[in-house]
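Chain by chain, the residues run as shown.
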Number of protein chains: 4
Amino acid sequence: MQYKQVIEQVFNQVKDVPVYGKLATYIPELAKIDATKFGVHFRTNKGFEGGQGDFEEKFSIQSIAKVYGLLMAYQEVGSELWKRVDVEPSGTSYNSLILLELENGIPRNPFINAGAIVIADVLVSVLDHPEEQFIEFVRQICGNQTLDYDLQIAKSEKEVANRNYSLIHLMKSQGNIRNDIERVMDFYCTLCSICMTCAELTESFSVFSNGGIHPRTGKMVIKANTCKRMNAIMQLCGFYDEAGEFAYRVGLPGKSGVGGGIVAVQPGVYSICVWSPLLNKKGNSTKGMLFLEEFTSLLQESIF
Amino acid sequence: MQYKQVIEQVFNQVKDVPVYGKLATYIPELAKIDATKFGVHFRTNKGFEGGQGDFEEKFSIQSIAKVYGLLMAYQEVGSELWKRVDVEPSGTSYNSLILLELENGIPRNPFINAGAIVIADVLVSVLDHPEEQFIEFVRQICGNQTLDYDLQIAKSEKEVANRNYSLIHLMKSQGNIRNDIERVMDFYCTLCSICMTCAELTESFSVFSNGGIHPRTGKMVIKANTCKRMNAIMQLCGFYDEAGEFAYRVGLPGKSGVGGGIVAVQPGVYSICVWSPLLNKKGNSTKGMLFLEEFTSLLQESIF
Amino acid sequence: MQYKQVIEQVFNQVKDVPVYGKLATYIPELAKIDATKFGVHFRTNKGFEGGQGDFEEKFSIQSIAKVYGLLMAYQEVGSELWKRVDVEPSGTSYNSLILLELENGIPRNPFINAGAIVIADVLVSVLDHPEEQFIEFVRQICGNQTLDYDLQIAKSEKEVANRNYSLIHLMKSQGNIRNDIERVMDFYCTLCSICMTCAELTESFSVFSNGGIHPRTGKMVIKANTCKRMNAIMQLCGFYDEAGEFAYRVGLPGKSGVGGGIVAVQPGVYSICVWSPLLNKKGNSTKGMLFLEEFTSLLQESIF
Amino acid sequence: MQYKQVIEQVFNQVKDVPVYGKLATYIPELAKIDATKFGVHFRTNKGFEGGQGDFEEKFSIQSIAKVYGLLMAYQEVGSELWKRVDVEPSGTSYNSLILLELENGIPRNPFINAGAIVIADVLVSVLDHPEEQFIEFVRQICGNQTLDYDLQIAKSEKEVANRNYSLIHLMKSQGNIRNDIERVMDFYCTLCSICMTCAELTESFSVFSNGGIHPRTGKMVIKANTCKRMNAIMQLCGFYDEAGEFAYRVGLPGKSGVGGGIVAVQPGVYSICVWSPLLNKKGNSTKGMLFLEEFTSLLQESIF
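For clarity, every value in this text was computed on a predicted model and none was experimentally measured.

A.B. asks: Any chance you could explain the overall build of chain A here in plain terms?
C.D. replies: Scanning chain A from terminus to terminus reveals 12 helices and 8 strands. The globule rule puts the C-alpha radius of gyration for 304 residues at 19 Å, and the 18 Å found for chain A is close to it. Considering only C-alpha atoms, chain A reaches an extent of 55 × 40 × 35 Å along its principal axes. For chain A, the residues scored as buried account for 66% of the 304 residues in total. If you take every contact in chain A between residues at least 6 apart in sequence, the share linking residues at least 24 apart comes to 68%. Split by element, the accessible area of chain A, about 10600 Å² in all, is 48% carbon and sulfur. Distance between charge centroids for chain A: 3 Å, based on 29 positive and 34 negative side chains.

Structural data, given as structure tokens:
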């Protein structure tokens, strides 16, 4: 069966399955989203692409942006980065303070909130104009100059960011935050507020599926070695404390966000993005997980 | 460069690197091993194979046997298994009781000790003669009728198994052990006492690299779908709380044992085994990790 | 108001209050007890005594016996004891393994199960015939040669002692158990199986209310200094993770058991014992707590 | 031996004992204190008083002020207070976030930092001018209109208060902080900045030793029942995670502060205060602990 058919078939099969889950209501702006939105976009390294449903509608990518943050920080400071954040699965819920306290302020990985805040702190240290330079960096990876933050969402998120403030203050007391807390939090919330469509996400993640080379432009955007490492970290840490479940059921490196997006890659072959706002208890899109499980089962391709 | 050359080159490069680490002295029989042993064996799905150093010497595979245990239990009871053990990375040291207590006796995954003990309990429930049937199962996967337990090691391990007794009693009190504790512990320690060479390990793991089909016999040993799932669990949980580090540096699904063995697979391509008894703090072979990192770097192949 | 009146009044007031709670059903023999039993006994240093309800009926004192165990171990080995068990409140439920794992096998205090098991291990080390010598020790403190174990209960408890086996194996692996595990567990379960009446308990605890001197015989049973220390440990650690609640509401050093007994002392003045088998969530007698709160409120006496 | 002699003897005995310990250097202003300061003051309910060393020198009482804070909050809102803070010993270090996360933002007791911050939040809610009214409240208890905050210390503390900010943000996210975070932190840091002498502290704590009646004025300052409860909480929770050690060695309700002060009471008899700035690992004055242990041993009086 061809990709096009597989996507259509699984989309139609999953579309009307009633799913349990709830919106990320703790961020007021995200609570307003239409819960029935459902979009899928798929893109091979060889140039095939196809979308279904709301794949051309912008949504808040939230934690998916942490992949770009990590990539930029790693390119800026190299393996020095691993002195300040580890690459191990978290083992506990995505905003837990427990491990942080036991492990002296070194977050388990760059995708839990604590880790992404450290990444933000690193970028604030090395960039002259973090917000401008970061969005420019994302635009280049995507090959899309129209991408931007939604500052309304950034503001909304910062207002309710007590858990994240708790994390950053704890890490500051443990010596792992170098800059002013408000400055870092401003950048962190802005970074997470990028809005993109499923199609834009597959385009930007096609550099990860294609060994660092943007398939459309043929330009080497990241080094092959870096690309592999990003994929490894996404595989192990990309789905909060559901990383094992995702590997078991789907078997692709990827990253989810509380806006309901999931983007994943089959290295060497394709990138795929699903968007459906209702989240399961672990904070991942319920229908997104279901779609990807059915999709990879039918396709009989995974990295394993 | 060809596989043969890569292996030779990396073997020679790593052979005399002084490594920090210590033997698994807590098991008296393992403490007797010559710490300088170093063997490597490599086997592609297409039939190439090559070894270096002590690759034909038997060693205690220890936790690597948990992969066979999981496979057998999954084939016996199917996805019912996941009611009694999860598939998430552990996030803490391999013998920790903390998560077990917080999570009502459901071990994080089948490769931490608690999880492997539950697997042993499942097999004791469903098999008439667990020891005999299990070794026969392993022999079939390996295509090697000479494989056997080292009962001296099993006995040695059981005598010092207080941590494991603590785990099994805790899970018994939480309702997740169904059989007599001594019976399960006997089987668990026996299961971990299998001795194999690097070459035997790559042969048995070639079913995982080859989608469930034994490359030499062409026989379907496990279903393709099961094979992928085993690889996914090895990727996420195969290296205790160093799973992320291994994925980042090596990028292959695999499993290590405190006997100093590490076996890994590149799905679709090859299986590889390294043996060097000195362990790092996380319980993985120091030189084994180093070899695999250099090997995959030079080969420029990984699942990512 | 006189003691006699206070006791009668509070007894009648509390007797028919419906209380929530449940029997310690995890020990089969304890699950058979009549849940409506209710007895109180009170005894001043000056010789007044009075009882209400089922105060002359024997019941399983369970953890109250840990006070005698601690006392005997302390008299045998002195402050060396504190190298193996601490004197801090536990902060978590009475059978938690978490702190034990984090704190290298040194139990928080001698009254949580882990601590009492260490005490049992110490006594097994220093006594030639632990069971015989321990019950003789208790008989002397009580001035009552008829006291004895209920071996039926000891056996019943040992059969379901998985949590305690988990604790002792963990501590064995951490180096804090010196003797054979079965030997220590036999003694521990026997120690906890003593049966006494409320009146016998106030008599034995009157040495703690009277500075170490048995009020009836005038004999110095324990040193004044030791007596104070036992009272201090009972105050801080005698009620599992409800020690603060008990101090706040009742304000006396004491000890409870899952048989439903609570015994407490007002140093210099009196000892009191209440028995009612239904337990609250923390494992303390619901009606016993209520009685003592009302009693000390009406009496307007506490150590504070 | 008379009180006067006992105090002199123990003071001289302890004065030149070299003690291990360090200043509370994390608060810059406290790091400037002369580490050799040593003062003691003692005051009986019957009117005897005596001091040694630097007992008339002001020092930062820090956490001792939490006793006044708790008392004021309890008098304002009564037992409603216990819905927002518990009265159990903490079981872990005084600034741990772990229990707070596990226990849904209800601090273990009012004397750990998290609990005292909740108390501050309660007072900000019920008082019109928290700072003014609180210092006035303390002045009344002490019978001393000259007492005041050291705003330099308050400012110094707030600047380095990342751990406390982490706690308050966590509790805010858990719904247990009602007011603006900066407002509460301002008040909390101010509250802890009160400076007093040993003699002033024994005077204010004599209401706790005397059942709520100020011994000098004969005025009922707090209700007898409230007094007992404050003493009970001080006994169980007054010394961070060294409460058991203090009860065992000293046997009096009390409270310590990182300024090096310890104040304690023998209910019905006396209050005592020791000041020596070097702290042990648990955050309590090393020499203060030693003095009180020797003092109560020689006096042979304790609540037990």
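A.B. asks: Would you mind showing me how to read the relation of the copies chain B and chain A here?
C.D. replies: Mapping one chain copy onto the other needs a rotation about an axis and a shift along that axis. Mapping chain B onto chain A calls for a rotation angle of 180° and an axial translation of 0.0 Å; the resulting RMSD is 0.0 Å. Overall, the copies show the geometry of a two-fold rotation axis. Proximity to the rotation axis, assessed at the C-alpha, singles out Gly-91 of chain B in chain B; its C-alpha lies 2.1 Å from the axis.

A.B. asks: How do you make sense of helix H6 (residues 151–159) of chain B when you look at a structure like this?
C.D. replies: Each turn of an α-helix holds 3.6 residues, which means side chains three or four residues apart point in the same direction. Residues and elements named next belong to chain B. For H6, the complete set of buried residues consists of Ile-153, Ala-154, Ser-156 and Glu-157. Along the axis of H6, the buried residues cluster in a sector spanning 165°; they form a single face. Exposed positions of H6 whose direction lies more than 90 degrees from the buried face are Leu-151, Lys-155 and Glu-159. Capping the start of H6, Asp-150 holds a side-chain oxygen 3.0 Å from the backbone nitrogen of Gln-152, two or three residues further along.

A.B. asks: What exactly am I supposed to notice about the relation of the copies chain A and chain D here?
C.D. replies: Its rotation angle being 180°, the transformation that places chain A on chain D also includes 0.0 Å of axial translation and leaves an RMSD of 0.0 Å. Take the interface residues of chain A: 100% of them recur as interface residues in chain D, which is what a same-surface contact looks like.

A.B. asks: When you look at the state of the cysteines in this model, what are you seeing that I'm missing?
C.D. replies: As used in these notes, a disulfide is a covalent bond between sulfur atoms, one from each of two cysteines. Enumeration over the complete set of coordinates arrives at 0 disulfides over all chains. No disulfide involves Cys-195 of chain A; its sulfur sits 12 Å from the nearest other cysteine sulfur, which is in Cys-192 of chain A. Given the relative accessible area of 14%, Cys-195 of chain A is considered buried. Cys-192 of chain C supplies the cysteine sulfur nearest to Cys-189 of chain C, a cysteine that is in no disulfide, at a spacing of 6.9 Å. Residue Cys-189 of chain C is classed as buried on the basis of its relative accessible area of 1%.

A.B. asks: In this structure, what is going on with the pattern of salt bridges? I would like to understand it.
C.D. replies: When charged atoms on two side chains of opposite charge get close, those side chains can pair. Within this structure, the stated rule accounts for 68 salt bridges over all chains. Salt-bridge contacts for Arg-84 of chain B lead to Asp-121 of chain B; the nearest nitrogen and oxygen are separated by 2.7 Å. Taken as a pair, Arg-84 of chain B in the loop between helix H2 (65–77) and helix H3 (98–102) and Asp-121 of chain B in helix H4 (residues 113–126) lie far apart in primary sequence, 37 residues in all. On the basis of relative accessible area, Asp-121 of chain B is assigned to the buried category, the value being 0%. Salt-bridge contacts for Lys-58 of chain C lead to Glu-200 of chain C; the nearest nitrogen and oxygen are separated by 3.2 Å. Here the residue Lys-58 of chain C occupies a position in the loop between strand S2 (49–53) and strand S3 (59–60), and Glu-200 of chain C occupies one in helix H9 (residues 198–209), the gap between them amounting to 142 residues. It is possible to trace a salt-bridge network through shared partners that takes in Glu-136, Arg-139 and Asp-148 of chain A.

A.B. asks: In this structure, what is going on with the packing of helix H6 (residues 151–159) of chain C against helix H8 (residues 181–191) of chain C? I would like to understand it.
C.D. replies: A pair of packed helices is captured by two measures, namely the crossing angle of their axes and the spacing between those axes. Residues and elements named next belong to chain C. For the pair H6 and H8, the least separation of the axes is 8 Å and the interaxial angle reads 130°. Judged by the inter-axis angle, H6 sits oblique to H8. Here the hand of the crossing between H6 and H8 comes out right-handed. Residues Leu-151, Ala-154, Glu-157 and Lys-158 of H6 form the contact with H8, whose own contacting residues are Glu-182, Met-185, Asp-186, Cys-189 and Thr-190. In terms of residue class, the contact of H6 with H8 is made up of 4 nonpolar, 1 polar and 4 charged.

A.B. asks: Just checking my understanding: could you explain the interface of chain B and chain A for this structure?
C.D. replies: Each partner contributes to the interface: chain B provides 32 residues, whereas chain A provides 32 residues. For the chain B and chain A pair, buried surface summed over both sides reaches about 2600 Å², with 58% attributable to carbon and sulfur atoms. Among the residues of chain B in contact with chain A, Lys-228, Tyr-248 and Phe-304 of chain B are the three that bury the most area, contributing 31% of the side total. Where chain B meets chain A, there are 0 salt bridges. The tally of links between chain B and chain A comes to 14 residue pairs in polar contact (both at pLDDT 80 or more). Going through the elements one at a time, helix H10 (224–237) and helix H11 (243–249) of chain B are the ones with two or more residues in the side of chain B that touches chain A.

A.B. asks: Teacher, can you tell me more about the arrangement of the chains here?
C.D. replies: Separated throughout, chain A and chain C approach each other most closely at a C-alpha pair spaced 10 Å apart. The smallest C-alpha distance separating chain B from chain D is 10 Å, and no contact links them.

A.B. asks: Would you explain the interface of chain A and chain D in this entry?
C.D. replies: Interface size is often expressed as the accessible area that is lost when the parts come together. Contacts between the two partners involve 16 residues from chain A, matched on the other side by 16 residues from chain D. Of the roughly 1300 Å² buried between chain A and chain D, counting both surfaces, carbon and sulfur atoms make up 60%. The largest per-residue losses of area from chain A upon contact with chain D belong to Glu-101, Asn-162 and His-169 of chain A, which jointly make up 40% of the total buried on that side. Taken together, the links from chain A to chain D amount to 0 salt bridges.

A.B. asks: So what exactly am I meant to see when it comes to the sheet that holds strand S4 (residues 148–149) of chain D here?
C.D. replies: Strand-to-strand pairing in sheets goes through backbone hydrogen bonds, with the strands running parallel or antiparallel. All names here are of chain D. Strands sit in the order S3-S5-S4 across an open sheet of 3 strands; the sheet is antiparallel. Two strands close off the open sheet at either side, each with one partner strand: strand S3 (59–60) and S4. Relative to strand S5 (residues 194–196), S4 is paired through 2 bridges, and the arrangement is antiparallel. Across the sheet, residue Tyr-149 finds its bridge partner in S5, namely Ile-194.

A.B. asks: Hey, could you run me through the pairing of S2 of chain C in this one?
C.D. replies: The side chains of a regular strand alternate, first on one face of the sheet and then on the other. All names here are of chain C. Here 5 bridges tie strand S1 (residues 39–44) to S2, and the two strands are oriented antiparallel to one another. If you follow Gly-39 over to S2, its bridge partner there is Gly-53. The turn joining S1 and S2, which pair antiparallel and follow one another in sequence, is formed by 4 residues; a positive phi near 110° is taken by Gly-47.

A.B. asks: Just checking my understanding: could you explain helix H12 (residues 286–299) of chain B for this structure?
C.D. replies: The first and last C-alpha atoms of H12 of chain B sit 20 Å apart over 14 residues, in line with the 20 Å expected at 1.5 Å per residue. Of all 14 residues that make up H12 of chain B, 10 are buried, and the element is covered over most of its length. Lining the buried residues of H12 of chain B we find helix H10 (224–237) of chain A together with helix H1 (3–15), strand S1 (39–44), H11, strand S7 (261–266) and strand S8 (270–275) of chain B. The N-capping residue of H12 of chain B, defined by a side-chain oxygen 3.0 Å from the backbone nitrogen of Gly-288 of chain B, is Ser-285 of chain B. A positive backbone phi angle near 55° is found at Gln-300 of chain B, which sits one or two residues after H12 of chain B.

A.B. asks: Can you help me understand the packing of aromatic side chains in this one?
C.D. replies: We describe a pair of aromatic rings using the distance from one ring centre to the other and the angle between the two ring planes. Here the structure, examined in full by the defined rule, presents 68 aromatic pairs over all chains. When the centroid spacing of 6.3 Å and the interplanar angle of 25° are considered together, the rings of Tyr-3 of chain A and Phe-48 of chain A count as stacked. Highlighted residues: Tyr-3 of chain A in helix H1 (residues 3–15) and Phe-48 of chain A in the loop between strand S1 (39–44) and strand S2 (49–53), separated in sequence by 45 residues. Residue Phe-48 of chain A is classed as partly exposed on the basis of its relative accessible area, which comes to 28%. Look at Phe-134 of chain B and Phe-187 of chain B: their rings are 6.0 Å apart centre to centre, the planes differ by 90°, and that puts the pair in the edge-to-face class. Of this pair, Phe-134 of chain B sits in helix H5 (residues 130–142) while Phe-187 of chain B sits in helix H8 (residues 181–191), placing them 53 residues apart in sequence. Taking the relative accessible area as the measure of exposure, Phe-134 of chain B reaches 0% and is therefore buried. Grouped by ring-pair contacts, the aromatic residues Tyr-3, Phe-11, Phe-38, Phe-42, Phe-48, Tyr-270, Phe-291 and Phe-295 of chain A constitute a single cluster.

A.B. asks: Explanation requested: the environment of Val-85 of chain B in the structure shown.
C.D. replies: As for its placement among the helices and strands, Val-85 of chain B is situated in the loop between H2 and H3. Judged by relative accessible area, which is 0%, Val-85 of chain B ranks as buried.

A.B. asks: Looking at this structure, how should I read the environment of Leu-278 of chain A?
C.D. replies: All names here are of chain A. Looking at where Leu-278 falls in the secondary structure, it is placed in the loop between strand S8 (270–275) and helix H12 (286–299). Along the sequence, Leu-278 and Gln-5 sit 273 residues apart, while their C-alpha atoms lie 26 Å from each other. Residues within four places of Leu-278 in sequence aside, it is in contact with Val-19, Gly-21, Lys-22, Leu-23, Ala-35, Asn-284, Ser-285 and Thr-286.

A.B. asks: What's the story with the sheet that holds strand S1 (residues 39–44) of chain D in this structure? I'm lost.
C.D. replies: Residue and element names in this part refer to chain D. With respect to topology, 5 strands assemble into an open sheet ordered S2-S1-S8-S7-S6, the strand pairing being antiparallel. Edge positions in the sheet fall to strand S2 (49–53) and strand S6 (254–256), since each has one partner strand and no second. Strand-to-strand twist of the sheet, defined as the mean angle between neighbouring strand axes without regard to direction, takes the value 5°. Bridge count for S6 against strand S7 (residues 261–266) is 3 bridges, and the pairing is antiparallel.

A.B. asks: Mind showing me how you'd approach the environment of Lys-219 of chain A here?
C.D. replies: All names here are of chain A. Tracing the chain through its elements places Lys-219 in the loop between helix H9 (198–209) and H10. For Lys-219, a relative accessible area of 53% gives the class exposed. When the C-alpha atoms of Lys-219 and Val-258 are compared, they prove to be 31 Å apart, with 39 residues separating the residues in sequence. With sequence-adjacent residues up to four places away left out, Lys-219 is seen in contact with Gly-212, Ile-213 and His-214.

Calculation notes
Residues numbered from 1 in each chain as written. Chains lettered and ligands numbered in written order. Predicted model: local features only at pLDDT ≥ 70, side-chain atom pairs only at ≥ 80, totals over all residues. Heavy atoms only, no water. Helix = DSSP H or I, 4+ residues; strand = E, 2+ residues; numbered from the N terminus. Rg over C-alpha atoms; globule rule 2.2 N^0.38 Å. Buried < 20%, exposed > 50% of the residue type's maximum accessible area, 1.4 Å probe, protein only. Contact = heavy atoms within 4.5 Å. Areas by Shrake-Rupley, 256 points an atom, 1.4 Å probe, with all protein chains shown as cover. Lys, Arg positive; Asp, Glu negative; His and termini not counted. Charge placed at Lys NZ, Arg CZ, Asp CG, Glu CD. Least-squares fit on C-alpha atoms with pLDDT ≥ 70 in both. Arc of directions from axis to C-beta. Polar contact = N/O pair within 3.5 Å; in protein donor to acceptor, adjacent residues only side chain to side chain. Disulfide = S-S within 2.5 Å. Salt bridge = Lys/Arg side-chain N within 4 Å of Asp/Glu carboxyl O. Axes fitted to C-alpha atoms, helices over the stretch in contact; angles between N-to-C directions. Parallel < 35°, antiparallel > 145°, perpendicular 65-115°, else oblique. Left-handed = near helix turned anticlockwise from the far one by under 90°. Nonpolar A, V, L, I, M, F, W, Y, C, P; charged D, E, K, R; others polar. Buried area = accessible area lost by both parts, 1.4 Å probe. Pairing = 2+ DSSP bridges. Expected span 1.5 Å × (residues − 1). Phe/Tyr/Trp six-rings, centres within 6.5 Å; stacked < 30°, edge-to-face > 60°.

By themselves, these observations are geometric and do not establish any function.
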